[in-house]
Amino acid sequence: MIQRIIKMKYLNNQWIFLAIMAYIVQNFWLTLHWGWGLLGVAFFIRCLFLTKIVKQFVFIVIVISSVVTFRTRTQPLVSQEENTYLLQIDPIYLNGDEEYITGRAKLWSQGEWLTINVKGSQLSTLHQLDQVTLLQVKGRVTIPEGARNFGGFNYQKYLQSQNIDYQIEIKTIERAQSVNNFFGYFLNWRWRLLNHFQKLDHIRLFSLYNRLIWNLSSTQYKTHRERLIEFGIIHFFAISGFHVTLIKNNIDYLLRRFGIINEVGSLIIDGLLIGYTFLTCFPVGVVRSVGSHFLKKYGSLSRMDNLSLLVLAFLWFNPRIVLSTGFQLSFLISYILIFIEKIPKPLPFSQSIQLAIICTLFTWPITMRQNYYWYPLQLIWGLIIGKVFDWGIFPLAVLLTLLSFSPKGQLLVQHFDFLLEPIELFQPKILVGHYSWVLVIVLMAVAGRWLVDWQQAWKFTIISYIGLILISGRCHFERIIVLDVGQGDAVLYQAAFSNQGWLIDVGGKVSWNRDANSSQDQPEENYAKKTILSALAALGVRQLEGIVITHPDADHFANLPAIIKTIPVKEIVISNIGFHHQNWQQVMGPYQNQLPLTILEAPGWQTIIPDTLWGWFDTNAPREDLNESSIVTLLKLSNRSFLNMGDLGKTGEQKLLTTIPNLDINLLKVGHHGSNTSTSKQLIEQTTPEMALISVGKNNRYGHPHQEVTVLLQQEQIPYLSTADNGAIEMMVIPFKGINIRHALSP
C-alpha cells in the first residue's frame, strides 16, 4: 500500500500524459486512421523523456486502452432479418408522438442487453408508456448507415459514440410487461418526476428549460437548436455542465443563509449532486462537473490531475465516447480554464471576456467543421448571453420550476415566449464546409499561441481566419461527384482550386400534402435541406456557376427552388421542351423573373462550358415524353470523358448514337437510374466505358437498378458503382496518377 501511495505521488501533475495517450490510442483503434497512429508514435517518443514511473504507467495505459477498445469493437451479432425481439424501454429515452417515435432501448441478444436505437410509426403503445417496460416486438434490426455524402452528418458515428451499433424499426408490439425490480423502481420514480416537465415542452421557454436543467430533448427544442448553434450558445445546453457549478454554489449559499453548518450542508450538496446526475441520465458535462467536485473534495491531487483521471474513467468505461463532440469540447474547455490560471501575464480584459475569447478560439475549429459555417458574431453573443446566464440562470430555473406546478403559472410562462424572439435575428455567416483535420490542428495551434501570448498572436489569429475563409471549400483537384440525393439525380463538377461548381440536375421530390391555396403538388424544401443543400454545404460550395436540368421530372429538378433561395446561381440551362412543360412552369413559374435562363433549342452538341461541358437532346422527341427529351451531357475531366444520360430511353440512345457514331467515353452514368428502359447493349458496345455509375435511391419502390442492366454490365465486364450501395461517388484527377475514385460509404 505504501509503495502504491509513493508511486501515485510520483505521478503528480503527470496524469495528463496518461489521459492524452489513452485518447490517442482509442481514437486509433476505433478509426484505424494513419494520422492517429502517427500522432501516437510522436507522443510516445515524447513520453520517453519522462520519469521511469511515468513511462511504466504510459505503457500500462496503452495496454488497458487497447484491450477495452477492442472489446467494444467486438459487438454480439444480431440477426438483421425481421424477427421477434425482447426490448426493455425506459420512456424517458423516447421522443416523438403517436405518428412517429424514436429513442433508445435495451435489446436482449445472446445473453446480454445491448443498447439499441428504436423507431416506429403509428405505435400508440410506445407513446403512452408510463414506466420501464419489457416489450416483445416484431421488427427489423439494421446497422445504421454513415454519411451518404462527403462530410455529411455521420449518424452511424454519432450512435457509436453512445455505444449503439444497431437500430430496430418496430412493426408491431406483441406483449408488454412492467419491470418491477429494485432498479426499475428508481427508474420509474425518475420518469414520473421528469414527465411532469416533459409535458410542458409545447411551451417554448419550458422546452429550453427542460434541456438546460433536466437534459430533456424534444421536438420543440430541436426547432431552436440550429439558432442556438448560430449564436454560439449551444454549449450552455449540451456541453459545459457549467450550470452544475452555478446550482451547487447557489444551494450552498441558501444553506448557509438558513444556518446549516458546513459539514451537514456539504453532505446535503453531495447527495443532491448524485441525485441530479441520476435524474439527468448521466450527460458528459454533468458527470464531469460532479466528478470534479468529489475528486477535489475527497482527493489530494491538483485540478489538472483530477480532470485527467476523469478522462481516463470516461474512456475506459465507454471507449467510443472519444468519437463524441460533446465529450471533446467539454474536457477541452475544462483543460483551458485550468491552464488560463497559470498564465503569468493576464490579458487586459475582464476575466469573463478573457475566458470567452480563449474558449471560442479553441471551440471554433471543431464546431465550424461540424456545422459547415463560421458565425463571426458568436463571440459577442456568447459574452452577452453568458452574462445573463451567470447571474440569472439559478433564480430563473427556480422560478420556472415553481410555475410549472400551477396551470396559471404555465399560462404566464407561455405569455413570455416573446423573450425568445431575439434568437430569430439574422446571423451573418460564412460557409467553410467540412474542412480537413489539418486545418483543425492549425487553428488549435493559433488558439494556443493566443493563450500563451495574445499581444504577439492577435494579428496572426486574424490572418489565420482570413486564410481559412479563402481556402476552405476549395477542391485541390478537378473532380466530378455523383451526389446521393436518394431516388434522383445530381452531379457536381468543380474545377481545381475552386469553391464554385456546376450541377447537372439537383434531385428532389414533391409533397403529397397539398397547399391550402393550391391543388398542385409542391416541392419538399425539407428534402432539399437534408440532401442536396447539406451535401453542397459540407463540400464548401459557395456559388454555382450554373445548373443543367436534363428534364423537369421531380427527381431531377424539384430541389431547384430551395437551391436558388440558398446559393447564388449564375446560369440555369434547360431545353426548350423542358422549359415549356407543365412541370417546369408549375414549380418554377413564381421564380421566372429571377432565373438566369439559357434555353437550348438547336440540334447537335451545344457548348455549355467551353472545352469542358456540352449538351445534346433530341429536338424531335415527343413533347409528352420527358425522358426521351433528356439533355445528355458530355463532360471532359482532364483527358477522360464522363457521359451523363439523364433519363434517356433506348429510343433516344439510338438517335444519339446515330447522330454521333464515334462517341467514345471513359465513365458512363447510366440512364434512368438503371431502369431496363435505358442502357442498351448497343450503347455499351459503341461507347466502350471503363466504368458505369448509377444514381439511385436505396430500397426504392421502382426496383432500380433493374437486373437486366446490371447483368448487361457484368457481361460486358464493366465495373459499376451505385449511390444506393456506395453513397456519393467522387472521381478526382490526381496529377501523375490519373482518375482516383472514392465513395462516401467506403469502409
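Criteria and thresholds
- Residues numbered from 1 in each chain as written.
- Predicted model: local features only at pLDDT ≥ 70, side-chain atom pairs only at ≥ 80, totals over all residues.
- Heavy atoms only, no water.
- Helix = DSSP H or I, 4+ residues; strand = E, 2+ residues; numbered from the N terminus.
- Rg over C-alpha atoms; globule rule 2.2 N^0.38 Å.
- Buried < 20%, exposed > 50% of the residue type's maximum accessible area, 1.4 Å probe, protein only.
- Contact = heavy atoms within 4.5 Å.
- Areas by Shrake-Rupley, 256 points an atom, 1.4 Å probe, with all protein chains shown as cover.
- 1 Å grid on protein atoms, 1.4 Å probe; cavity = no way out; pocket = protein on both sides within 12 Å on 5 of 7 lines; lining within 4 Å.
- Points joined across faces, edges and corners; volume = space filled by probe spheres on them.
- Nonpolar A, V, L, I, M, F, W, Y, C, P; charged D, E, K, R; others polar.
- Expected span 1.5 Å × (residues − 1).
- Pairing = 2+ DSSP bridges.
- Axes fitted to C-alpha atoms, helices over the stretch in contact; angles between N-to-C directions.
- Phe/Tyr/Trp six-rings, centres within 6.5 Å; stacked < 30°, edge-to-face > 60°.
- Lys NZ or Arg CZ within 6 Å of the ring centre and 35° of its normal.
- Parallel < 35°, antiparallel > 145°, perpendicular 65-115°, else oblique.
- Left-handed = near helix turned anticlockwise from the far one by under 90°.

1. Concerning the overall build of the protein chain
- Assigned secondary structure in the protein chain consists of 29 helices and 25 strands.
- Taken over the C-alpha trace, the protein chain has a radius of gyration of 29 Å; the compact-globule value for 747 residues is 27 Å, and the two agree within 12%.
- Taking the principal axes of the C-alpha coordinates as reference, the protein chain spans close to 95 × 60 × 55 Å.
- Looking at the protein chain residue by residue over its 747 residues, the buried ones come to 51%.
- In the protein chain, of all internal contacts separated by at least 6 residues, the share reaching a separation of at least 24 is 69%.
- Accessible surface, the protein chain: about 36,300 Å² in total, of which carbon and sulfur atoms supply 59%.

2. As for empty space enclosed by the protein
- What the rule picks out here adds up to two cavities of 30 Å³ or more.
- In this structure, the second largest cavity spans a volume of roughly 40 Å³.
- Lining the second largest cavity, in full, are I229, W364, T367, M368, N371, Y373, W374, Y375 and Q378.
- Those elements that provide at least two residues to the lining of the second largest cavity are α16 (351–371) and β7 (373–374).
- In terms of residue count, the dominant contributor to the lining of the second largest cavity is α16 (four residues).
- Its residues placed into classes, the lining of the second largest cavity shows six nonpolar, three polar and no charged.

3. Quick notes on helix α17 (residues 378–403)
- Relative to the 38 Å expected for 26 residues at 1.5 Å per residue, α17 spans just 32 Å between its end C-alpha atoms, considerably shorter than the ideal helical length.
- All of the buried residues along α17 are Q378, G382, I385, G386, F389, G392, I393, F394, A397, L400 and L403.

4. Regarding the environment of Y185
- With respect to the helices, strands and loops of the structure, Y185 is situated in helix α7 (residues 182–198).
- Taking the C-alpha atoms as reference points, Y185 and H196, eleven residues apart in sequence, are found 17 Å from one another.

5. Concerning the sheet that holds strand β20 (residues 640–644)
- With respect to topology, seven strands assemble into an open sheet ordered β17-β18-β19-β20-β21-β22-β23, the strand pairing being mixed. Strand pairing shows two members of the sheet lacking a second neighbour, β17 (606–609) and β23 (720–722), which therefore form its edges. The sheet shows a mean angle of 20° between the axes of neighbouring strands, direction not considered.

6. Quick word on the pairing of strand β25 (residues 738–743)
- Relative to β25, strand β24 (residues 729–734) runs antiparallel, the two sharing six bridges. Paired with M732 across the two strands is N740, which belongs to β25.
- Where β24 folds back on β25, the antiparallel hairpin that results is connected by three residues, among which F736 adopts a positive phi of roughly 65°.

7. Some words on the sheet that holds strand β16 (residues 597–600)
- Taken together, the eight strands give an open sheet; going across it, the order is β16-β15-β14-β11-β10-β9-β24-β25, and neighbouring strands pair in mixed fashion. The open sheet has two free edges, formed respectively by β16 and β25, since each of these has just one partner strand. Ignoring which end each strand starts from, the neighbouring axes of this sheet average 20° apart.

8. Considering the packing of aromatic side chains
- Going through the model one piece at a time under the given rule, you end up with 27 aromatic pairs.
- With a centroid separation of 5.1 Å and an interplanar angle of 65°, the aromatic rings of W108 and W113 are classed as edge-to-face.
- Since its relative accessible area comes to 40%, W108 is described here as partly exposed.
- W113 sits in the partly exposed class, given a relative accessible area of 33%.
- Ring geometry for W364 and W374: centres 5.6 Å apart, planes at 85°, overall edge-to-face. Of this pair, W364 sits in helix α16 while W374 sits in strand β7; the two residues are ten residues apart in sequence, bridging distant segments of the chain.
- W364 gets classed as buried once you look at its relative accessible area, which sits at 8%.
- When the ring centre of F278 is taken as origin, the NZ or CZ atom of R190, which lies over that ring, is 4.6 Å away.
- Lying over the aromatic face of F150, R742 brings its terminal NZ or CZ to 4.2 Å of the ring centre.

9. Focus: the environment of T612
- Structurally, the position occupied by T612 is in the loop between β17 and β18 (613–616).
- Put simply, T612 and G120 are 492 residues apart on the chain and 48 Å apart in space, counted from C-alpha to C-alpha.
- Those residues in contact with T612, other than ones at most four positions away along the chain, are Y493, L634, L635 and K636.

10. Re the side chain of N499
- Take N499: it is sitting in the loop between β10 (490–494) and β11 (500–506).
- For N499, a relative accessible area of 7% puts it in the buried group.
- Those residues within four positions of N499 in sequence are excluded, and the remaining contacts are S472, G473, R474, Q494, G540, V541, R542 and Q543.

11. Considerations on unusual backbone geometry
- Note that the residue after H704, namely P705, is joined by a cis bond; omega there is -5°.
- The backbone phi angle of Y372 is positive, close to 75°, even though this residue is not glycine.
- Position of Y372 relative to the elements: it lies in the loop between α16 and β7.
- By relative accessible area, Y372 is classed as buried at 11%.
- In the Ramachandran plot, H672 falls in the positive-phi region, its phi being about 50° despite a non-glycine side chain.

12. Focus on the environment of G291
- For G291, the position within the fold is in helix α13 (residues 284–298).
- Note: C-alpha distance between G291 and G433 (142 residues apart in sequence) is 36 Å.

13. Some details on the layout of surface pockets
- Its boundaries defined by the atoms lining it, the second largest pocket holds a volume of some 790 Å³.
- Lining the second largest pocket are 27 residues, and of these L205, V388, F389, L396 and L420 lie nearest its centre.
- When contributions to the lining of the second largest pocket are tallied by element, the ones reaching two or more residues are α8 (204–214), α17 and α18 (407–415).
- At twelve residues, α17 tops the list of elements feeding residues into the lining of the second largest pocket.
- Here the residues of the lining of the second largest pocket are counted per class, giving 26 nonpolar, one polar and no charged.

14. Here's the deal with the packing of α13 against helix α14 (residues 303–317)
- Look at α13 against α14: their axes get within 10 Å of each other, and the N-to-C directions meet at 130°. Compared by their axis directions, α13 and α14 come out oblique. Relative to α14, the crossing made by α13 is right-handed. Where α13 approaches α14, its residues V284, V287, R288, G291, S292, L295 and K296 are matched on the opposing element by N306, L307, L310 and F314.
- Considering only residue class, the contact of α13 with α14 consists of six nonpolar, three polar and two charged.

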